[in-house]
Amino acid sequence: MATIIWFEDYQPCDAPVVGGKNSSLGTLFGAGLPVPPGFAVSADCYRKAMADGGLAAELDALTAGLDPRDQAAVAAAGVRARELIGSIDLADGLAGAIREAYAKLCGRCGDDALPVAVRSSATCEDQPDASFAGEHDTYLWIRGADEVVRHVLRCWASLFTDRGIAYRLERGYTKAGEAMSVGVQQMVTPRAAGVAFTLNPSNGDRSQIAIDASWGFGEAVVSGEVTPDNFLVDKVMGTIGKRTISAKTLEYRLTAADAVCAVEVEPARQSVPCLTDEEIVAVAKLARRAEKHYRCPQDVEWALDDSAEILLLQSRPETVWSRRSKQGGTGIADPITSMVHTMLHPVSGGGHAAHG
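These figures come from a predicted structure and were not determined experimentally.

The rules behind the values
Residues numbered from 1 in each chain as written. Predicted model: local features only at pLDDT ≥ 70, side-chain atom pairs only at ≥ 80, totals over all residues. Heavy atoms only, no water. Helix = DSSP H or I, 4+ residues; strand = E, 2+ residues; numbered from the N terminus. Buried < 20%, exposed > 50% of the residue type's maximum accessible area, 1.4 Å probe, protein only. Contact = heavy atoms within 4.5 Å. Areas by Shrake-Rupley, 256 points an atom, 1.4 Å probe, with all protein chains shown as cover. Phe/Tyr/Trp six-rings, centres within 6.5 Å; stacked < 30°, edge-to-face > 60°. Lys NZ or Arg CZ within 6 Å of the ring centre and 35° of its normal.

S.K.: Residues and numbers for the overall build of the protein, please.
M.R.: A tally of helices and strands in the protein yields 11 helices and 14 strands. The buried share of the protein, reckoned over its 356 residues, is 48%. Sequence-distant contacts in the protein: of pairs separated by 6 or more residues, those separated by 24 or more amount to 69%. Within the structure as shown, the protein displays about 15,700 Å² of accessible surface, and the carbon and sulfur contribution to it stands at 54%.

S.K.: Got a sec to walk through the environment of L169? Specific residues and values, please.
M.R.: Structurally, the position occupied by L169 is in helix α7 (residues 162-171). Residues within four places of L169 in sequence aside, it is in contact with T63, L66 and P68.

S.K.: Describe in detail the packing of aromatic side chains, supporting the description with residues and values.
M.R.: Under the definition given, this model contains three aromatic pairs. Considering the side-chain rings of Y46 and W156, the 5.7 Å spacing of their centres and the 80° angle between planes classify their relative orientation as edge-to-face. Of the two residues, Y46 sits in helix α2 (residues 43-52) while W156 sits in helix α6 (residues 145-157), which places them 110 residues apart along the sequence. Since its relative accessible area comes to 4%, Y46 is described here as buried. Residues W141 and F217 carry aromatic rings whose centres are separated by 6.5 Å and whose planes lie at 85° to one another, so their mutual orientation is edge-to-face. Note that W141 is positioned in strand β4 (residues 138-142) and F217 in the loop between β7 (208-215) and α8 (219-222), a separation of 76 residues in sequence. Comparing W141 with F217 shows no difference in burial state: the two are buried. Directly above the aromatic system of F160 lies the positively charged group of R168, at a separation of 5.5 Å from the ring centroid.

What follows is the structure, given as structure tokens:
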């Protein structure tokens, strides 16, 4: 049984046991892209823990025959499932393997109490037909081996969030495919963070890269709690064709208590661009590298850390416009057409537009 798989050791044959997010991180790491180091606790560990605890059949029974539209029934099943998983006492071998891997990561990074992100990575997520984005839980700034083990259990339990249960039922995923891997990854403290799409999500134009960015951790952007700055970058020319600077009133920031919390952005920074032009172009280049590696449009999560290095935190297939590509999209279809368009219709990148 595979237990711990380091991102740098990831092979495509590991995909079934590390889930979509960890598979992507391992792939990006192997492609030489800047990804914080870490490891995956394989989904085999989840399956074994459920079997050893006698929970597998009970969890299956909780969701069998549920109507995803019956919110009360889904919620009740989720509460019970999460309680069951949270009550598990991990076998010494598995808990010890997680603690040993965390200690090894601490040693590599030169911090005996290294802060890590503990991320859910379900085996049925980030597929071409469904991203499962936001259905499962991630925990930031976790320190200490015992806390890492505890949050692995919490990630397992998040396989049974209300949204996760309903989404799987709606998509027809079978119970046999339901398992949770967990990624444990060095934490970064971002000055700014966000997402980048290697096409324009408003019209499917694959000649553009769309970047959403805001201050602090990217959770405010991903959750929709803040209207981010938005930039459109031409894939071939590398020019910034459009920029929208928003009033960014909230950011997630590390507090003195070692917690990541939402705080108000100081008025002087609210309407200031959170990325320089050089940083915008650098984010676009990294997103483009991810797309070239995967050979399909990507939805990328990134962060600009305190040392001004841009790191990739995740890359998954873009799912909305990719389904429509064979039906003929709107907008400019390819980078060569974009180059000609830019030459004929140059756009100044110097203006700033604001919206609330």
